[in-house]
Amino acid sequence: MTSTTVLLGQTLRFADDPFHAPIEDAAIWERRGAVVIADGIIQDVGGADTLGAAYPDADVVDHGNALITAGFVDAHAHYPQTGIIASWGKRLIDWLNTYTFPEETRFGDADYAKDVAARYLDLTRANGTTTMASFCTIHPESVDALFEAAEGRNQRVVAGKTCMDRNAPDGLRDTAQGAYDDSKRLLEKWHGRGRGVYAITPRFSPTSTPDQLAALGTLWGEHPDCLMQTHLSEQTDEIAWVAELYPDARDYLDTYEAHGLLGPGGMYGHAIHLTARERARLREVDAALVHCPTSNTFIGSGLFDMAGLMGEGQRIGLATDTGGGSSFSMLRTMAAAYEIAQLRGTALHPAQLYWLATVGSARALRLDDKIGNLAKGMEADIVVLDLSSTAVIAQRADRAETEWEALFPTLMMGDDRAVVETRIAGAAG
Ligand code: GUN
Ligand code: ZN
């Protein structure tokens, strides 16, 4: 007999997208709610009184006034950069050459990769993150390490081998054919195994030859159910470099488009300095843009146009971009997204921030039918948050007159101290 668990507390779930529907229609907040879990799946969501009575034999976990929601989904991260997070003083290309590439070189050692993968999944879980789309390194060992660690935790993870065949140091370059062969073998091994999802992963146009982009475009064409993740228009120097390296391309996006790497399962990290043509094409194919706000301020990249891009109907996810991003916490990431939007003249509502960190990111990963929300039939990846986790947050939340006012201090000032519990496929860690 399988056991049933009922979680009690405040609950927040989404019936619609709060960027395009009124907040009161999009978000459902229950002061005394319940989530019923069995077999790793959410069986029911509703009011505590009704559901408590409906499952008299269930184990009950009463979280009191804490907030129960879907676990956070981090739509763009680099697990191999865990050890170099918060490295000082560089902008993108220098940062890659100085800190990132030397660290990534170490992942040819399978034991090192396993060690970092386990640490990364521990740290993200402590922050309430239940799924991430992560880059690995060029080493197949680094891909096996993350998927194996995730499989051991029954965790839904999107990942892929990062491909680079130029402008990277010795020991960190493959070839066009090698990238195709390795990626094909890895996707055949991991895509759809347990909760694993494979993303074909050219790092970005400057570190791939046109031949390598074309080989990966061909592979994606052969496996269209896989995702594809890369970087797009993060810094102006990078964009100028792409124009030199690809003189025939109309713009940065065209370097991907011309090689079969623009499509609906494409996830483009950063997407800050976009041309009108790029925006129109991204919208037309319904590709995903991934906003990485702590990274964009930390590396000095620029201010993502959330209001404009949402207004034109782009598919947008939210991400830490660790270790270019300066935090593992999606709460810190929501705070940074709020601040960047403020600098562009828009105040994002807490419901919009929370939707981005859950449903929005799940949509970017094309997994919103499985994760990112509390609803019957969804996988039971759940975070429970204390909305008074520090003295300063508690004294502000005490004055709140609405649910949103009670939540917002945690979004702006919260971190892993706010996380009471993270459940992955129903299991508390
Ligand atoms: N562009 C290409 N590679 C990277 C990376 O590892 N981090 C960030 N932030 N941008 C990139
Ligand atoms: Zn990145």
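Since the model is a prediction, treat every value here as computed from it, not as a measurement.

Trainee: Where do I start with the overall build of the protein in this structure?
Mentor: From N to C terminus, the protein includes 16 helices and 16 strands. The C-alpha atoms of the protein give 21 Å as radius of gyration, which agrees with the globular expectation for 429 residues (22 Å, within 12%). Projected onto its principal axes, the C-alpha coordinates of the protein cover approximately 65 × 50 × 40 Å. Considering the protein as a whole, with its 429 residues, one finds that 62% of them fall into the buried category. Counting only contacts in the protein whose residues sit at least 6 apart along the sequence, the fraction spanning at least 24 positions is 76%. By element, 49% of the accessible surface of the protein is carried by carbon and sulfur atoms, the whole surface being about 15400 Å². Averaging the coordinates of the 36 positive side-chain charges in the protein and doing the same for the 59 negative ones gives two points 1 Å apart.

Trainee: I tried to follow the pattern of salt bridges on my own but got confused; where do I start?
Mentor: Note on pairing: side chains with opposite charge can pair once their charged atoms come close. Per the stated rule, a full pass over the model turns up 32 salt bridges. For Asp62, the salt bridge identified is with Arg32, shortest N-O distance 2.9 Å. In this pair, Asp62 is assigned in strand S4 (residues 59-70) and Arg32 in strand S2 (residues 27-38), connecting sequence segments 30 residues apart. Accessibility expressed as a relative area gives 47% for Asp62, which makes it partly exposed. The salt bridge partner of Glu405 is Arg396, with a shortest N-O separation of 3.3 Å.

Trainee: I keep staring at the coordination of the zinc ion (ligand 2) and nothing clicks. Help me out?
Mentor: Ideal geometry at a metal gives 109.5 degrees between four tetrahedral donors and either 90 or 180 degrees between six octahedral ones. Taken together, His76 (NE2), His78 (NE2), His231 (NE2) and Asp321 (OD) make up the full set of protein donors to the zinc ion (ligand 2), lying 2.0 to 2.4 Å away. One way to put it: the four donor atoms around the zinc ion (ligand 2) meet at angles of 92 to 161°, and that makes the site irregular. Written as a sequence motif, the donor residues of the zinc ion (ligand 2) are H-x1-H-x152-H-x89-D. Residue His76 is located in strand S5 (residues 72-78), and its partner Asp321 is located in the loop between strand S13 (315-318) and helix H13 (330-343); the two are separated by 245 residues in the primary sequence.

Trainee: What is the right way to look at the sheet that holds S2 in this model?
Mentor: Pairing between the strands of a sheet is mediated by backbone hydrogen bonds and can be parallel or antiparallel. Here we have seven strands laid out as an open sheet, ordered S3-S2-S1-S4-S14-S15-S16, and mixed in their pairing. Two strands close off the open sheet at either side, each with one partner strand: strand S3 (41-47) and strand S16 (427-428). Summarising the sheet, strand S15 (residues 419-424) and S16 pair through two bridges and their orientation is antiparallel. Bridging from a neighbouring strand, Arg423 pairs with Ala428 of S16. Contacts from helix H4 (residues 110-126) reach S15 and S16, with the element oriented near 125° to S15.

Trainee: How should I be thinking about the side chain of Glu30 in this particular structure?
Mentor: Following the sequence through the fold, Glu30 ends up in strand S2. A polar contact is formed between the side chain of Glu30 and the side chain of Arg13, at a distance of 2.9 Å. Every residue in contact with Glu30, bar those within four places of it in the chain, is listed here: Gly9, Gln10, Thr11, Arg13, Gly46 and Gly47.

Trainee: Can you walk me through the site of ligand 1 in this structure?
Mentor: Around ligand 1, the structure places 13 residues, and the nearest of them are His78, Gln81, Arg203, Glu234 and Asp321. Taking Arg203, its side chain carries an N or O atom lying 2.8 Å from an oxygen atom of ligand 1. In the model, a nitrogen atom of ligand 1 is placed 2.7 Å from a nitrogen or oxygen of the Glu234 side chain. Look at ligand 1: alone it shows 280 Å² of surface, and the protein chains cover 100% of it. If you tally residues by element for the shell around ligand 1, the top one is helix H3 (residues 92-105), at three residues. Residue composition of the shell around ligand 1, by class: five nonpolar, five polar and three charged.

Trainee: What am I meant to see in helix H5 (residues 140-152) here?
Mentor: For the α-helix, the turn length of 3.6 residues means that residues three or four positions removed from each other point alike. For H5, which comprises 13 residues, the first-to-last C-alpha distance of 18 Å matches the rise-based estimate of 18 Å (1.5 Å per residue) to within 8%. Buried residues of H5: Pro140, Ser142, Val143, Asp144, Ala145, Leu146, Phe147, Ala149 and Ala150, and no others. In this structure, the buried residues of H5 make contact with H4, strand S6 (129-135), strand S7 (158-160), helix H6 (176-190) and strand S9 (197-202). In the segment just after H5, Asn154 is the residue with positive phi, at about 55°.

Trainee: Even after reading the chapter, I still don't get the state of the cysteines, so can you show me in this structure?
Mentor: Cysteine pairs can be covalently joined through their sulfur atoms, and such a bond is termed a disulfide. Across all of its chains, the model carries zero disulfides by this definition. This cysteine, Cys163, is not joined by any disulfide, and Cys136 carries the nearest cysteine sulfur, 10 Å off. On the basis of relative accessible area, Cys163 is assigned to the buried category, the value being 0%. Take Cys226: it sits in no disulfide, and the sulfur closest to it among the cysteines is that of Cys163, at 12 Å.

Trainee: I tried to follow the pairing of strand S10 (residues 227-232) on my own but got confused; where do I start?
Mentor: Each regular strand displays side chains that alternate between the two surfaces of the sheet. Counting buried positions along S10 yields six of six residues, so the element is predominantly enclosed. What you see with S10 is no split at all: Leu227, Gln229 and His231 on one side and Met228, Thr230 and Leu232 on the other are buried throughout. Summarising the sheet, S9 and S10 pair through two bridges and their orientation is parallel. Bridging from a neighbouring strand, Ala199 pairs with Leu227 of S10. Regarding topology, helix H7 (residues 210-222) serves as the crossover connection from S9 to the parallel S10, and that connection is right-handed. Two strands pair when backbone bridges link them, and S10 and strand S11 (residues 266-270) are joined in this way by five bridges, in the parallel orientation. Considered in S11, the bridge of Gln229 is made with Met267.

The rules we used
- Residues numbered from 1 in each chain as written.
- Chains lettered and ligands numbered in written order.
- Predicted model: local features only at pLDDT ≥ 70, side-chain atom pairs only at ≥ 80, totals over all residues.
- Heavy atoms only, no water.
- Helix = DSSP H or I, 4+ residues; strand = E, 2+ residues; numbered from the N terminus.
- Rg over C-alpha atoms; globule rule 2.2 N^0.38 Å.
- Buried < 20%, exposed > 50% of the residue type's maximum accessible area, 1.4 Å probe, protein only.
- Contact = heavy atoms within 4.5 Å.
- Areas by Shrake-Rupley, 256 points an atom, 1.4 Å probe, with all protein chains shown as cover.
- Lys, Arg positive; Asp, Glu negative; His and termini not counted.
- Charge placed at Lys NZ, Arg CZ, Asp CG, Glu CD.
- Salt bridge = Lys/Arg side-chain N within 4 Å of Asp/Glu carboxyl O.
- Donors = N, O, S within 2.8 Å, 3.2 Å for Na, K, Ca; no water.
- Tetrahedral: all angles 85-135°; square planar, octahedral: opposite > 155°, others 65-115°.
- Pairing = 2+ DSSP bridges.
- Axes fitted to C-alpha atoms, helices over the stretch in contact; angles between N-to-C directions.
- Polar contact = N/O pair within 3.5 Å; in protein donor to acceptor, adjacent residues only side chain to side chain.
- Near = heavy atom within 4 Å.
- Nonpolar A, V, L, I, M, F, W, Y, C, P; charged D, E, K, R; others polar.
- Expected span 1.5 Å × (residues − 1).
- Disulfide = S-S within 2.5 Å.
- Right-handed = clockwise from strand over helix to strand, strands pointing away.

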